[in-house]
Amino acid sequence: MFKPKRQRSTPLRAAIVIALAGILALSVLQAPVRGQDSCQPPNLSSANWRTDFCNSNVDFSEILVGNPVKGGIPSVTNPSMESIEEASAWLSDRSPVIALEIEGEARAYPLAILMWHEIANDEIAGRPVAVTFCPLCNSSITFDRRVNDDVLDFGVSGLLRNSDLIMFDRQSETWWQQLTGEGLVGEYAGVLLDIVPSQVIGFGSFVERYPNGLVTSRETGYNRQYGTNPYRNYDSQSGRPFLFRGEIDQRLDSAVDHVLAAIIGESAKAYPFEILRQEKVINDSVGETPIVIFFQSSVASALGDYVIDNSRDIGTAGMYQSSFDGEVLHFVANDDGSFTDEATRSTWNAYGEALDGELAGSQLNWVHAFPHFWFAWAAFYPDTEVYAAD
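Please read these numbers as outputs of a predicted model, since none were measured by experiment. Along each chain, residue indices are assigned from 1 in the same order as the chain's sequence is written. Under the rules for a predicted model, residues below a pLDDT of 70 receive no local features and side-chain atom pairs below 80 are neither given nor counted, while totals for whole chains, interfaces and linings still include all residues. Side-chain metrics rest on all non-hydrogen atoms present in the structure, leaving aside hydrogens and water.

### Quick look at the pattern of salt bridges
Salt-bridge detection follows one rule: a side-chain nitrogen of Lys or Arg within 4 Å of a carboxyl oxygen of Asp or Glu. In total, this model carries 14 salt bridges according to the counting rule given. Note that aspartate 144 and arginine 127 form a salt bridge whose closest N and O atoms lie 2.8 Å from each other. A residue pair is termed long-range when its members are at least 10 positions apart, and aspartate 144 in strand β8 (residues 139-144) and arginine 127 in strand β7 (residues 127-134) qualify at 17 residues. With relative accessibility at 24%, the residue arginine 127 sits in the partly exposed group. Salt bridges sharing partners connect three or more residues here, namely Arg50, Lys70 and Glu173. In DSSP terms, a helix is any run of H or I states spanning at least four residues, a strand is any run of E spanning at least two, and both are numbered starting from the N terminus. A simple rule labels every residue: compare its accessible area, found with a 1.4 Å probe on the protein chains alone, to the largest value its type can have, and call it buried under 20%, exposed over 50%, or partly exposed in between.

### Remarks on the packing of aromatic side chains
Here the distance between the centres and the angle between the planes together describe a pair of aromatic rings. Two rings belonging to Phe, Tyr or Trp (six-membered ring only in the last case) form a pair when the distance between their centres is within 6.5 Å. Interplanar angles under 30 degrees mark stacking, angles over 60 mark edge-to-face geometry, and anything in between is tilted. What the rule picks out here adds up to 19 aromatic pairs. Centroid distance tyrosine 231 to tyrosine 234: 6.2 Å. Interplanar angle 65°. Geometry classified as edge-to-face. Classification of tyrosine 231 as buried rests on a relative accessible area of 14%. Each member of the aromatic cluster is reached from another via a ring pair, and the members are Phe294, Tyr320, Phe324, Phe331, Phe339 and Trp348. The rule is short: NZ of Lys or CZ of Arg within 6 Å of the ring centre and within 35 degrees of the ring normal puts a charge over the ring. The aromatic ring of tryptophan 49 is capped on one face by lysine 70, whose charged end is 4.6 Å from the ring centroid. Between arginine 209 and the ring centre of tyrosine 351, over which it is positioned, the NZ or CZ distance is 4.1 Å.

### Some words on the confidence of the model for the chain
One confidence number per residue, pLDDT, is output by the predictor and ranges from 0 to 100. Model confidence for the chain is summarised by a mean pLDDT of 91, while 89% of its residues fall at 70 or above. Contact criterion: two residues are considered in contact whenever any of their non-hydrogen atoms come within 4.5 Å of each other. In the model, residues 1-36 has pLDDT below 50 throughout and makes 86 contacts with residues more than four positions away in sequence or in other chains.

### Looking at the pairing of strand β19 (residues 281-286)
Any two strands between which DSSP finds at least two bridges are classified as paired. Where β19 meets strand β20 (residues 289-296), six bridges bridge the pair, whose relative direction is antiparallel. Bridge pairing in β20 places valine 286 opposite threonine 289. Count of turn residues in the β19/β20 antiparallel hairpin: two residues, of which glycine 287 carries a positive phi of about 65°.

### Comments concerning the sheet that holds strand β25 (residues 339-341)
On the basis of which strands lie adjacent, the open sheet formed by four strands has the order β24-β25-β26-β27 and antiparallel pairing. Here the strands that pair on one side only, and so sit at the sheet edges, are β24 (331-333) and β27 (354-356).

### Remarks on the state of the cysteines
Throughout, disulfides are identified as pairs of cysteine sulfur atoms within 2.5 Å of each other. All told, the structure shown has one disulfide when counted by the stated rule. There is a disulfide in this structure between cysteine 39 and cysteine 54, and the S-S distance comes to 1.8 Å. Looking down the S-S bond of the cysteine 39 and cysteine 54 bridge, the torsion is 90°, so its handedness is right-handed. Residue cysteine 39 is found in the loop between α1 (11-27) and β1 (63-65), and its partner cysteine 54 is found in the loop between α1 and β1; the two are separated by 15 residues along the sequence. Residue classification places cysteine 54 among the partly exposed residues on the basis of a relative accessible area of 41%. Not part of a disulfide, cysteine 134 finds its nearest cysteine sulfur in cysteine 137, a span of 4.1 Å. Residue class for cysteine 134 comes out buried when judged on its relative accessible area of 2%.

### What to know about the environment of tryptophan 176
If you trace the backbone, tryptophan 176 turns up in strand β13 (residues 175-177). Sequence separation between tryptophan 176 and phenylalanine 154 is 22 residues; the distance between their C-alpha atoms is 9.2 Å. Polar contacts, as counted here, are pairs of nitrogen or oxygen atoms within 3.5 Å of one another; within protein the pair requires one atom able to donate a hydrogen and one able to accept it, and residues that are adjacent in sequence qualify only if both atoms are side-chain atoms. At 3.4 Å, the side chain of tryptophan 176 and the backbone oxygen of threonine 174 are in polar contact.

### Description of the sheet that holds β8
Here we have four strands laid out as an open sheet, ordered β2-β6-β7-β8, and mixed in their pairing. Each edge of the open sheet is held by one strand with a lone partner, namely β2 (76-77) and β8. With six bridges joining them, strand β6 (residues 119-124) and β7 adopt antiparallel strand pairing. Bridge pairing links asparagine 121 to alanine 130 in β7.

Written out as structure tokens, the structure is:
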């Protein structure tokens, strides 16, 4: 079933923290939730919630406790920004950042910071956004924080569903699924947050593309070991992901294989990063929509080595509609990292922009496609197709 319509410490210590969180989760699964007395979920205990539990579109048995304290992982609001020159003192070219541009204003949110906060509530060019990262699912998605006439401020609930972060808004305390942007429980249950175009890229690519851009500063008001990964080697582990109780789709070799995944209309499709690295460009379709995916290298995995910048290069990719002026373009990769469409011989970059040739200055339409771990995407979209190389 797909979306309804829209409206630290050392590795050893990190492992101990994760283990304790699991123990605490099991210990609190016995008591009822405070709130709407007639609608109390029988399997959860979370004090001080104002959530309307009577308005729900989820089976509460699917929700587990990852951190027993609401807001125990603190989101950041109106994060301090610094210049590229200042950020270059602690970020490398391969440092993964979530990059977004709104009306010419560009900002980068390093996963080195979001690893510890998971949500950044910000405003860019007057548009309220929530930049989110779920480490357990490797999902990086940006949402518009406006619902009807309300501007929401998001926090980390401490709850998980399919191992994915459940957010909550501080205005109504509705619970929201990070991977889908859907309201699960509360006033906004069934509502979908609007997605804001963003992409995980290397800091070096951000600098090249947005030389006047701003970068989230480490001055967050919290004492965290920014630049380190408390989930060391999480993206190469075998076995079952943390607090994931569903069936693992066996179509890929590992539950934590990296995929770029999208849903267009009623069609969902996942593209393994291993194939993307090999092919560099993929001409395909999702449902009836022709698309092209451009791959670029030099992006470190945020969930590999203890020091993020020392992790293996997993690269990144962006998906675009390949129809332009009524014609479906077919692209090939060039040795310099650019791409050429065979119809007009125009040269394009990895962001879907034509740099020269007949279509110079043109821009392909961006598709809502984001990186995820395979197990998480398949859990929410079990009918997803999986791209296979010829």
